[in-house]
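# Summary of the model geometry
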Amino acid sequence: MAKKEYAFYPGCSSQLRGSASNYLVSVNTMCEKLDVKLTPIPDWNCCGASISYAAAGELTRHVMTARNFALAEQHLPGQDIVATCAACWLGGRETKDKLDASSQMMADTNEALKEAGLHYKAEAQMRHMVEVLVEDIGYEEMKKPMVKSLEGAKIAGYVGCQTNRPFGIAGESFENPLYLDKLVETMGGEALTKYEQKVTCCGGSLAFSEPAKSQKQIRDIVESAYDHGAEMIVTPCPLCQANVEIYQSEINRKQGTKLAMPVVYYSQLMAVAYGGNAKQAGLDGQVIPSKKLDEIAAKVVPVATK
Amino acid sequence: MGNMTELNEQALAKYRNSFLHEVEERVEEGDWVKMCMQCGVCAGSCTFGPHWEHSPQKIFMMIRAGKREEVLRSDSMWMCTSCYNCVVRCPRKLPITQIMHGLAQYAHRLGVAPKMQPTRDLSLIFWNNCIKTGRVNELRFTLSLYFKDGLMAGIRQALSMQSIALALLMAKRLNPLEFFKGHECKDKAGIHRMLKKAQEIESRRQGAHK
Ligand code: SF4
Ligand code: SF4
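Residues numbered from 1 in each chain as written. Chains lettered and ligands numbered in written order. Predicted model: local features only at pLDDT ≥ 70, side-chain atom pairs only at ≥ 80, totals over all residues. Heavy atoms only, no water.

Residue and element names in this part refer to chain A. Burial along strand β7 (residues 232-235) is two-sided: the residues Met 232 and Val 234 and Ile 233 and Thr 235 are all buried. By the bridge criterion, 3 bridges tie strand β5 (residues 154-157) to β7 in an arrangement that is parallel. Bridge pairing links Gly 157 to Val 234 in β7. (Buried < 20%, exposed > 50% of the residue type's maximum accessible area, 1.4 Å probe, protein only. Helix = DSSP H or I, 4+ residues; strand = E, 2+ residues; numbered from the N terminus. Pairing = 2+ DSSP bridges.)

What follows deals with empty space enclosed by the protein. All names here are of chain B. On inspection of all chains with the given rule, the structure shows 3 cavities of 30 Å³ or more. Each pocket or cavity is described by its volume, and for the largest cavity that value is around 100 Å³. Taken together, 17 residues make up the lining of the largest cavity; nearest its centre are Cys 46, Trp 52, Cys 80, Cys 83 and Cys 86. Every element with two or more residues in the lining of the largest cavity is listed here: α5 (85-89) and α6 (96-110). Here the lining of the largest cavity takes 3 residues from α6, the largest share from any one element. In the lining of the largest cavity, the residues fall into 11 nonpolar, 6 polar and no charged. For the second largest cavity, the lining is made up of 14 residues, of which Cys 36, Cys 39, Cys 42, Cys 90 and Pro 91 are closest to its centre. Looking at the lining of the second largest cavity, its residues break down into 10 nonpolar, 3 polar and 1 charged. (1 Å grid on protein atoms, 1.4 Å probe; cavity = no way out; pocket = protein on both sides within 12 Å on 5 of 7 lines; lining within 4 Å. Points joined across faces, edges and corners; volume = space filled by probe spheres on them. Nonpolar A, V, L, I, M, F, W, Y, C, P; charged D, E, K, R; others polar.)

Attention now moves to the pattern of salt bridges. Evaluated as defined, the whole model comprises 33 salt bridges over all chains. For the salt bridge of Lys 291 of chain A with Glu 295 of chain A, the shortest nitrogen-to-oxygen distance reads 3.7 Å. With Lys 291 of chain A and Glu 295 of chain A both in helix α13 (residues 291-298) and 4 residues apart, this pair spans about one turn of that helix. On the basis of relative accessibility, which here comes to 64%, the residue Lys 291 of chain A falls in the exposed class. Overall, Glu 295 of chain A belongs to the partly exposed group, its relative accessible area being 44%. Across the pair Glu 25 of chain B and Lys 14 of chain B runs a salt bridge, and its minimum N-O distance is 3.8 Å. Placement of Glu 25 of chain B in helix α2 (residues 19-26) and of Lys 14 of chain B in helix α1 (residues 2-14) is noted, with a sequence separation of 11 residues between them. By sharing partners, the salt bridges in this structure join Asp 80, Arg 127, Glu 135 and Asp 136 of chain A into a single network. (Salt bridge = Lys/Arg side-chain N within 4 Å of Asp/Glu carboxyl O.)

Here the focus is the site of ligand 2. Residues and elements named next belong to chain B. Taken together, 13 residues surround ligand 2, and among them Cys 46, Cys 80, Cys 83, Tyr 84 and Cys 86 come closest. Taking a 2 Å distance to the grid points as the criterion, the majority of the atoms of ligand 2 fall inside the largest cavity. Those elements giving two or more residues to the shell around ligand 2 turn out to be α5 and α6. For the shell around ligand 2, a count of residues per class yields 8 nonpolar, 5 polar and no charged. (Near = heavy atom within 4 Å. Sits in = over half its atoms within 2 Å of the grid points.)

Between Arg 165 of chain A and the following residue, Pro 166 of chain A, the backbone shows a cis peptide bond with an omega angle of 0°. Backbone geometry places Glu 29 of chain B, a non-glycine residue, at a positive phi of 60°. Topologically, Glu 29 of chain B is positioned in the loop between α2 and α3 (56-64). The phi dihedral of Tyr 84 of chain B is positive, around 60°, even though this residue is not glycine. With relative accessibility at 3%, the residue Tyr 84 of chain B sits in the buried group.

On to the site of ligand 1, then. Residue and element names in this part refer to chain B. The local shell around ligand 1 holds 13 residues, among which Cys 36, Cys 39, Gly 40, Cys 42 and Cys 90 are the closest. Placement of ligand 1 is best described as lying within the second largest cavity. Looking at the shell around ligand 1 residue by residue, the class counts come to 10 nonpolar, 3 polar and no charged.

Chain B puts 67 residues into the contact, and the matching count from chain A is 68 residues. Overall, the association of chain B and chain A removes approximately 6000 Å² of surface from exposure, summing both partners, and the carbon and sulfur fraction of that is 59%. Across the contact surface, chain B and chain A share 6 salt bridges. We note a salt bridge from Lys 98 of chain A to Glu 29 of chain B, for which the minimum N-O separation is 2.9 Å. The interface formed by chain B and chain A includes 17 residue pairs in polar contact (both at pLDDT 80 or more). Of all elements in the fold, only α5, α6, α7 (118-133), α8 (138-146), α10 (162-170) and α11 (188-207) of chain B reach the threshold of two or more residues within the side of chain B that touches chain A. No other element matches the 12 residues that α11 of chain B contributes to the side of chain B that touches chain A. Residues belonging to the side of chain B that touches chain A are distributed by class as follows: 34 nonpolar, 18 polar and 15 charged. (Contact = heavy atoms within 4.5 Å. Buried area = accessible area lost by both parts, 1.4 Å probe. Polar contact = N/O pair within 3.5 Å; in protein donor to acceptor, adjacent residues only side chain to side chain.)

Within the secondary structure, Asn 85 of chain B is located in helix α5. A relative accessible area of 9% means that Asn 85 of chain B is categorised as buried. Of the polar contacts made by the side chain of Asn 85 of chain B, one reaches the backbone oxygen of Ser 45 of chain B; its length is 3.3 Å. Aside from chain neighbours lying at most four places away, what touches Asn 85 of chain B is Arg 165 of chain A together with Ser 45 of chain B.

Right, let's get into the pairing of β5 of chain A. Residue and element names in this part refer to chain A. Here 2 bridges tie β5 to strand β6 (residues 190-191), and the two strands are oriented parallel to one another. Across the sheet, residue Lys 154 finds its bridge partner in β6, namely Glu 190. Assessed by its sense of winding, the connection that carries the chain from β5 through helix α7 (residues 179-186) to β6 is right-handed. (Right-handed = clockwise from strand over helix to strand, strands pointing away.)

This is how it looks when you write it as structure tokens:
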């Protein structure tokens, strides 16, 4: 039996051939090595993300999320729900807080859920994968499956917004959270602790609707990583990852820059340190490949002889 | 759009003397607005700061001053990136992000939001995409966005983003077959019934404040 079990909420971007499908691949590799079992919530639906506010009212948005909660309670009772996407996690936390605080909102939500044959009991907890790592597993335990070090690779920890605000990881400051740097160091990389863009917003969904304004943010985030000598940026958020990686070529084309900074997930760093190959670490999903990580992943680990 | 304008006029008639009261009753988290002490911290927090004609601080002031048209027709709330900088810094703990979203939605509901606002379009397209099958179809979502302003604009936009789409395709992070059949929930019918009910309850509750 696995050491720890969770009800898993993958979110839309993680689906097969979705924009964050490589995130999921690396999370699976990482969790297997940590003996963590993730069971996807059966028939989960989209959380609505932060951007659906114009079209959907408050209750409607909470109902969408509560359906996932109710399904988790029904099929995976007693397990915390874990999300890998910052926006899914944040939306879930907001819904939970709101429904816990308002009995009317709760009653209305259940009235709507009844139409889908479901009932939300307000038992399930919503967690982010990073919380599972930091709080349930801990840095010392995270070291155990390591078979390689990241060899002092210089890594800028880009935390972004929604994993950090308004909830964040318990005990961390909003303006200078340290867990990502600690994680990098735990895996044997060099954390660029003075990277000042670590909590800057990449524009989020507005990268689609306000591309010029968002690309200014992205350019700052990437250029500062270069200034600090980073070999790659690491992030816990799929939207940050996609925005910061994908739009670099667009910025180059429009502004004549030569940006080509790899942007990876924390789970990819861990999958590599745990001995995963490029495919198992989702490195084949990079639009801007990280030469350094590819090299480390390709190294064969000597089999212990004793 | 007729009934939306009507909605606007009804609201206008009922709350003629107090936009603050209207916001308190009809905008998500609107009852927090009066708690603002005008310290100005949020005004320096927005990601697209220089592009906000009115900062959140100023919007709260304008609401109290009864500047209804200027607030609801403003482009400002649509600049919110949901970065939550303001929320964690506000000394009074106002849920500023939600109020900005709430104001934007209210303006949209009344039919007075600025036309062709790209973030509003994005929000509508995203939501429609997501509720159709219960899950977002990233390819169709992207295409609808490109083509929202018509065929030619769409082709131009798609061409300018072509290298990005190709790179994602090669990295297996975009699926061309999603155009025909994407990921979807099994209980689509249940989801649709559930959402219909939610909207019904929501308009009932909003109606109570008409
Ligand atoms: S930070 Fe809070 S109290 Fe200060 S102006 Fe903004 S909303 Fe008002
Ligand atoms: S969440 Fe919105 S209102 Fe708050 S600081 Fe960010 S952009 Fe401004």
